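Coordinate analysis (summary)
Listed below, chain by chain, are the residues.
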Amino acid sequence: MVATDSFLKYNNPVLVIVNKTRKSVKISSASSQLPQKEKSGPIKESNQQILNTIFPPRQWLEGDKLWMQQVSSAASTKEDVIQLAESLDKKLHQKGAKQRGICPTRRELYSQCFDELIRQETLNCPERGLLLACVRDELLMTVAAHKTVYEDSLGFDRRENLIAEQGKADLEKRITDLEEENEELKKQLTEQLSKNEATEKKIIASRELEERRYNEKVHALERAIQQIKDQMKEIRKLKE
């Protein structure tokens, strides 16, 4: 049988169909499979129908047997409400529900508690019970919508992070390539500076050599001129 660990009260399970031919049984809507019971009055029957609308009966197969379990139509007292609150606190503590923030366990327990309160209020005032059920469904749709938006945002964040990681990898590769290119350019610059320095030294050495040669030629010419002058003086002296 299905688990009954819920704050929402149910009647005892009722056997609906025994499949002797062992063919598959298609579970239809709850209202079409309700067991025939002796009616205790139009008000009680109406309340049960409303409860079945708000909380569709459970249906499940066990072998060849189809079972059904409806929400309880038993009236509740003030003591039942107090006991429900105590049971809620106890379950919250047992299952370690968080007191703050997002907690699926806490939300599930409060949802079960709210369903039981709707059941109790439906028996007192069916119209109020239906309205509370509409409020519950609206809250569930709102939570589902927020969950969808949250999951979509997570997917968007993952895509953006993936794109960012890819872009980061491209940038890191670009940085590595530029650093390698920079090192290569530095190496070429060092080599070129060395070549320029060697060329400059050669030019200076060549210039110094040319200057020495020039100076030697000048000195040689000066000596030759002086010798000629000296010879001319000697010749003049001989003529006198």
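In the nomenclature of an unreviewed UniProt entry, the chain corresponds to Axonemal dynein light intermediate polypeptide 1 from the organism Takifugu rubripes. For the chain, the Function (unreviewed entry) comment in UniProt is given as "Involved in sperm flagellum assembly."

For the chain, the count of helices and strands is four helices and three strands. Walking the chain from its N terminus toward its C terminus, one meets helices and strands in the order β-α-β-β-α-α-α. Within the chain, buried positions represent 19% of all 240 residues. Split by element, the accessible area of the chain, about 19100 Å² in all, is 55% carbon and sulfur.

Right, let's get into a positive patch on the surface. Side chains of Lys229, Lys233, Arg236, Lys237 and Lys239 sit close together on the surface and give a patch of like positive charge. Here Lys233 is to be found in helix 4 (residues 126–239). Since its relative accessible area comes to 49%, Lys233 is described here as partly exposed.

With nine residues, the main nonpolar core is built from Leu8, Ile50, Leu51, Ile54, Phe55, Val71, Ile118, Leu123 and Ala133. Every element with two or more residues in this core is listed here: helix 1 (42–54) and helix 3 (104–124). Ranked by residues supplied to this core, first place goes to helix 1 with three residues. Beyond its immediate stretch of four places on either side in the chain, Val71 contacts Leu8, Lys9, Tyr10, Asn11, Gln48, Phe55 and Arg119. In this structure, Leu88, Leu92, Leu109 and Cys113 belong to the second largest nonpolar core, which totals eight residues.

Right, let's get into the packing of helix 3 against helix 4. Closest axis-to-axis distance for the helix 3/helix 4 pair is 6 Å, and the angle between their directions is 160°. For the element pair helix 3 / helix 4, the angle class is roughly antiparallel. Taken together, the residues of helix 4 that come into contact with helix 3 (itself represented by Arg107, Phe114, Asp115, Ile118, Glu121, Thr122 and Asn124) are Pro126, Arg128, Gly129, Leu132, Ala133, Arg136 and Val143.

Turning to the packing of helix 2 (residues 78–94) against helix 3, a few remarks are in order. When two helices pack together, their arrangement is captured by the angle between the axes and the distance separating the axes. Two numbers describe how helix 2 lies on helix 3: the axes approach to 10 Å, and their chain directions differ by 170°. Accordingly, the angle class assigned to the pair helix 2 and helix 3 is roughly antiparallel. Between helix 2, through Val81, Leu84, Leu88, Lys91 and Leu92, and helix 3, the contact on the second element is made entirely by Arg106, Leu109, Tyr110, Cys113, Glu116, Leu117 and Gln120.

A separate point is the pattern of salt bridges. When their charged atoms lie close together, side chains carrying opposite charge are able to pair. For the structure shown, the criterion picks out seven salt bridges. Of the charged contacts in the structure, one is a salt bridge between Lys201 and Glu197, with a shortest N-O distance of 3.7 Å. With Lys201 and Glu197 both in helix 4 and four residues apart, this pair spans about one turn of that helix. The partly exposed category is assigned to Glu197, whose relative accessible area is 44%. A salt bridge links Arg213 to Glu210; its shortest N-O distance comes to 3.8 Å. Taken together, the positions of Arg213 and Glu210, both in helix 4 and three residues apart, correspond to about one turn of that helix. Take Glu210: its relative accessible area is 45%, and that puts it in the partly exposed class.

Let's shift gears to helix 4. An ideal rise of 1.5 Å per residue puts 170 Å on 114 residues; helix 4 measures up with 164 Å between its terminal C-alpha atoms. Residues of helix 4 that are buried include every one of Pro126, Gly129, Ala133, Arg136 and Gly155, and no others.

Residue placement: Gln112 occurs in helix 3. With residues near it in sequence (within four places) discarded, Gln112 still touches Asp5, Ser6, Phe7 and Leu8.

Moving on, we get to the pairing of strand 3 (residues 65–69). In terms of burial, strand 3 is a largely internal element, four of the five residues being buried. Pairing of strand 2 (residues 58–62) with strand 3 involves five bridges; the strand directions are antiparallel. Within strand 3, the position partnered with Leu61 by the bridge is Leu66. Counting the residues that bridge the hairpin from strand 2 to strand 3 gives two residues, and of these Gly63 lies at a positive phi of roughly 65°.

About the criteria used
- Residues numbered from 1 in each chain as written.
- Predicted model: local features only at pLDDT ≥ 70, side-chain atom pairs only at ≥ 80, totals over all residues.
- Heavy atoms only, no water.
- UniProt positions renumbered as here; feature names shortened; annotations may be inferred.
- Helix = DSSP H or I, 4+ residues; strand = E, 2+ residues; numbered from the N terminus.
- Buried < 20%, exposed > 50% of the residue type's maximum accessible area, 1.4 Å probe, protein only.
- Areas by Shrake-Rupley, 256 points an atom, 1.4 Å probe, with all protein chains shown as cover.
- Patch = residues over 30% accessible without salt bridge, like charges linked within 9 Å, V, L, I, M, F, W, Y side chains within 5 Å.
- Salt bridge = Lys/Arg side-chain N within 4 Å of Asp/Glu carboxyl O.
- Lys, Arg positive; Asp, Glu negative; His and termini not counted.
- Charge placed at Lys NZ, Arg CZ, Asp CG, Glu CD.
- Core = buried A, V, L, I, M, F, W, Y, C linked by side-chain atoms within 4.5 Å.
- Contact = heavy atoms within 4.5 Å.
- Axes fitted to C-alpha atoms, helices over the stretch in contact; angles between N-to-C directions.
- Parallel < 35°, antiparallel > 145°, perpendicular 65-115°, else oblique.
- Expected span 1.5 Å × (residues − 1).
- Pairing = 2+ DSSP bridges.

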